[in-house]
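Take a look at the letters that make up each chain.
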Amino acid sequence: MVRSTFARTALAVVALCASFGAAAQDQVLNLYSARHYQTDEALYADFTKATGIKINRVDADDAGLLARLRSEGASSPADVILLVDAARIIVADADGLFQPVKSSVLASRIPAQLRSKDDGLGSRWFGFSTRARVIVFNKATVKRDDVDTYEELADPKNKGKVCTRSGSHPYNLSLFGSMYEHLGAPKTEAWLKGVVDNMARAPKGGDTDQIKAVASGECGIALTNSYYLARLLRSEKPEDKAVVEKIEVVFPNQQSWGTHVNIAGGALAKHAKNREAGVKFLEYLSTNSAQAYFANGNNEYPVVPGVKVANPALDAMGAFKAELIPISVVGLNSIRVQQILDRVGYK
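Treat the numbers as computed from the prediction; the structure is a model and nothing was measured. (Residues numbered from 1 in each chain as written. Predicted model: local features only at pLDDT ≥ 70, side-chain atom pairs only at ≥ 80, totals over all residues. Heavy atoms only, no water.)

1. Some points on the packing of helix α6 (residues 170–183) against helix α7 (residues 185–197)
Put simply, α6 and α7 touch, their axes get as near as 7 Å, and they point 130 degrees apart. With respect to α7, the axis of α6 lies oblique. Here the hand of the crossing between α6 and α7 comes out right-handed. Between α6, through Phe176, Met179, Tyr180 and Leu183, and α7, the contact on the second element is made entirely by Ala185, Lys187, Thr188, Trp191 and Leu192. Along the lines of polarity and charge, the residues of the contact of α6 with α7 split into seven nonpolar, one polar and one charged. (Axes fitted to C-alpha atoms, helices over the stretch in contact; angles between N-to-C directions. Helix = DSSP H or I, 4+ residues; strand = E, 2+ residues; numbered from the N terminus. Parallel < 35°, antiparallel > 145°, perpendicular 65-115°, else oblique. Left-handed = near helix turned anticlockwise from the far one by under 90°. Contact = heavy atoms within 4.5 Å. Nonpolar A, V, L, I, M, F, W, Y, C, P; charged D, E, K, R; others polar.)

So this is what it looks like as structure tokens:
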């Protein structure tokens, strides 16, 4: 009888432990991601390996993800949302799609200007990588001193030389929101009007297209996010090497407020069902290993100070001074700038 009771107790303990193990193994994180980079697969796999938490991912662009979240409402399965632009993050935050996270890990590792203000309950979103908005120029036709500030994009000396993608694209809106903070509304409008007047052709294409247009001589000057240039610098394709040979890069405004940086960031969804797993994932993105994935895998800059980068393209572009305006301010200004673009005819 004693043996039988002991056996039953032992079996119950084993079953209970197995149940806990299965529960841990079955932990999931529902991730809505606007990041479409192959190198992120290793990032997600590393998180699952470290925590046992499986990631179910929904991929779409920023606008598509936000539209889906709004339509799903409280029934949304999303736990964490990853977006790739400050303007969209600010809009989503204003729409109440995030919830605050009180985390000493994130508060200590993510610089204050790269996360939302903590109103006592925690921050609602966090930047996990940055991209610099740089100027590339044709080294045969343009002098570096003529393009070492954003203001010079509107200078008459550069008439007929400037190429950009659409002014209303989030990457440009973020830069324009930064200029709005530095210059004020009237001067920003005058500056944007000057940029339009200096264009070599109507805005079109993406950032890589602007770089190639500079190399071909269609333009003399263009704006691009740094990681697009880094991709070309790391490419082994002969046609990409030919582009790189004809251009140079400038980190603007090194003698004033610094080069504008945009963020890719994340937040805990307002109706997250797996909140604990979501917080663990956000904290994981601030670890040195995750930050290295952003830098070495996708040519982005880490946000955590002191993280070592082993990326030859980023090294080749060199160190730079980044502006320190809070991203939340830039995002709000980006919304205001849209009306100015309409007035100056920046398509």
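2. Here we look at the pairing of strand β7 (residues 221–225)
The buried fraction of β7 amounts to five of the five residues, a majority that puts the element mostly inside the structure. With burial as the criterion, each face of β7 is covered, one bearing Ile221, Leu223 and Asn225 and the other bearing Ala222 and Thr224. Judged from the five bridges that link them, strand β5 (residues 126–138) and β7 form a sheet pairing that is antiparallel. Bridged to Val136 within β7 is Ala222. (Buried < 20%, exposed > 50% of the residue type's maximum accessible area, 1.4 Å probe, protein only. Pairing = 2+ DSSP bridges.)

3. Focus: the nonpolar core
In summary, soluble globular proteins display a tendency toward joint burial of nonpolar side chains. Counting 47 residues, the largest nonpolar core has Leu83, Phe98 and Phe281 as its most contacted members. For this core, the leading source of residues is helix α11 (residues 275–284), giving five residues. The residues touching Leu83, leaving out its near neighbours within four places in the chain, are Ala34, Asp62, Leu65, Leu66, Arg88, Ile89, Ala92, Phe98, Ala264 and Gly265. One finds Val84, Ala132, Val214 and Cys219 within the second-largest nonpolar core, a separate group that totals 28 residues. (Core = buried A, V, L, I, M, F, W, Y, C linked by side-chain atoms within 4.5 Å.)

4. What about helix α14 (residues 327–344)?
The end-to-end C-alpha separation of α14 is 25 Å, in line with the 26 Å expected for 18 residues at 1.5 Å each. At Arg336, α14 shows its maximal kink, close to 30 degrees. For α14, the secondary structure elements touched by its buried residues are α4 (86–94), α6, α7 and β9 (261–269). Looking one or two residues beyond α14, the residue adopting positive phi is Gly345, at roughly 75 degrees. (Expected span 1.5 Å × (residues − 1). Bend = angle between axes of the 7 residues up to and from the residue.)

5. Focus on the state of the cysteines
Enumeration according to the criterion identifies one disulfide in this entry. A sulfur-sulfur separation of 1.7 Å characterises the disulfide bridge that pairs Cys163 with Cys219. Judged by the torsion about the S-S bond (-70 degrees), the Cys163/Cys219 disulfide is left-handed. Within this pair, whereas Cys163 is found in strand β6 (residues 162–163), its partner Cys219 is found in the loop between α8 (207–216) and β7, the two being separated by 56 residues in sequence. Residues Cys163 and Cys219 agree in their burial class; the two are buried. (Disulfide = S-S within 2.5 Å.)

6. Some points on the pairing of β9
In terms of burial, β9 is largely enclosed, as nine of its nine residues are buried. Where strand β4 (residues 98–99) meets β9, two bridges bridge the pair, whose relative direction is antiparallel. Across the sheet, residue Gln99 finds its bridge partner in β9, namely Leu268. Two strands pair when backbone bridges link them, and β5 and β9 are joined in this way by six bridges, in the antiparallel orientation. Each residue of the ladder has a partner; that of Ser129, found in β9, is Ala264.

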